[in-house]
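# Topology and contacts: notes
Listed below are the residues making up each chain.
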Amino acid sequence: MMFTGHTVLVVGGSCDMALALCPLLADAGLRPVLTFRSDEGKQRIQDATGGTACFFDLETALEPDGFSRLDAQFEGGGPDYLVDFAHGNLESLVATADPMAVGRYMHGNVTCRAALVKWASRRMMAGRFGRMLYVSSTAAVLQNGGQGLYAASKKACEAIYQGIGIELGKKGITSAILRPGYVSAGRGTPYLEEHGDRIRKRVPLGRATTSSEVAETLLFLLSDAARPINATAITMDGGLTACK
């Protein structure tokens, strides 16, 4: 695979899927910078990859120095690529959710993400090249009870990334969205352990997706060959959302 760019910002870099992606990026000759927001996350990055770890809390992106540490990592230009895994979780019935909690959640995950995309797009425009990938979820189109607010925020974030591909494609900046289904990683692991039999019956593939499969797909989507896949979402769920 060929890659025009060199530097990759991986937001939410301490999650299992990001850690699976990092060595693939390095093997492809790319320089990944993985963000963390806790000491535990920093240690996970250092233990698993030895790659560059940078503190960044998406929920504080609108503060005056919200992007200062990222700016320091890319003083020489870039990032050329952005892969966005970061997303908080709010499991609550829509009818019983605390409006203040909903407001904080949407601010941290949607408003602050719009600020991240704006920051990245301005830096990419300086080099007339950029590629942004957002890791969403099939919950955006097929939600369970209690996932309404999570699904709403995912859909809003998908629209932000789709907008970038529409607005800046002719300026060399493109985007794509990947919607994994059940993934044997992170929060999904205990859920799969508890409900594995039911999920295997629901998913035509008969199993959950692995972190390595998600990572390999993301690497392809970053490549030059995938640039025409722009401003659109790709579902990676083993056929789950194709079923009634």
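### Some details on the sheet that holds strand E5 (residues 130-135)
One open sheet accounts for seven strands, arranged E3-E2-E1-E4-E5-E6-E7; its pairing is parallel. The outermost strands of the open sheet, each flanked by one partner alone, are strand E3 (52-55) and strand E7 (233-236). The mean inter-strand angle of the sheet, taken between neighbouring strand axes irrespective of direction, is 20°. Contacts from helix H1 (residues 16-27) reach strand E1 (7-11), strand E2 (31-36), strand E4 (81-84) and E5, with the element oriented near 160° to E2. Taken strand by strand, helix H7 (residues 211-222) contacts E4, E5, strand E6 (173-180) and E7, and its axis lies near 155° from that of E5.

### A short note on the packing of helix H4 (residues 99-127) against helix H5 (residues 148-168)
The description of two packed helices rests on the angle between their axes and on the distance between the axes. Orientation of H4 relative to H5, taken along the N-to-C sense of each, is 15°, at an axis distance of 10 Å. On the basis of their axis angle, the class for H4 and H5 is roughly parallel. The interaxial crossing formed by H4 with H5 has right-handed handedness. Facing Val102, Tyr105, Met106, Asn109, Val110, Arg113, Ala114, Leu116, Val117, Ser121 and Met125 of H4, the residues of H5 in contact are Leu149, Tyr150, Ala152, Ser153, Ala156, Cys157, Ile160, Tyr161, Ile164 and Leu168. Per-class residue counts for the contact of H4 with H5 are 17 nonpolar, three polar and one charged.

### What about the side chain of Thr209?
With respect to the helices, strands and loops of the structure, Thr209 is situated in the loop between helix H6 (188-202) and H7. Classification of Thr209 by relative accessible area gives buried; the value is 6%.

### Looking at the pairing of E2
A regular strand carries its side chains on alternate faces of the sheet. Among the six residues that make up E2, five are buried, leaving the element largely enclosed by the rest of the structure. Both E1 and E2 contribute to a ladder of four bridges, which runs parallel. Looking at the pairing, Val10 lines up with Leu34 of E2. Sheet topology places E2 next to E3; four bridges connect them, and they run parallel. Its bridge partner being in E3, Leu34 is matched across the sheet by Ala53.

What counts as what
- Residues numbered from 1 in each chain as written.
- Predicted model: local features only at pLDDT ≥ 70, side-chain atom pairs only at ≥ 80, totals over all residues.
- Heavy atoms only, no water.
- Pairing = 2+ DSSP bridges.
- Helix = DSSP H or I, 4+ residues; strand = E, 2+ residues; numbered from the N terminus.
- Axes fitted to C-alpha atoms, helices over the stretch in contact; angles between N-to-C directions.
- Contact = heavy atoms within 4.5 Å.
- Parallel < 35°, antiparallel > 145°, perpendicular 65-115°, else oblique.
- Left-handed = near helix turned anticlockwise from the far one by under 90°.
- Nonpolar A, V, L, I, M, F, W, Y, C, P; charged D, E, K, R; others polar.
- Buried < 20%, exposed > 50% of the residue type's maximum accessible area, 1.4 Å probe, protein only.

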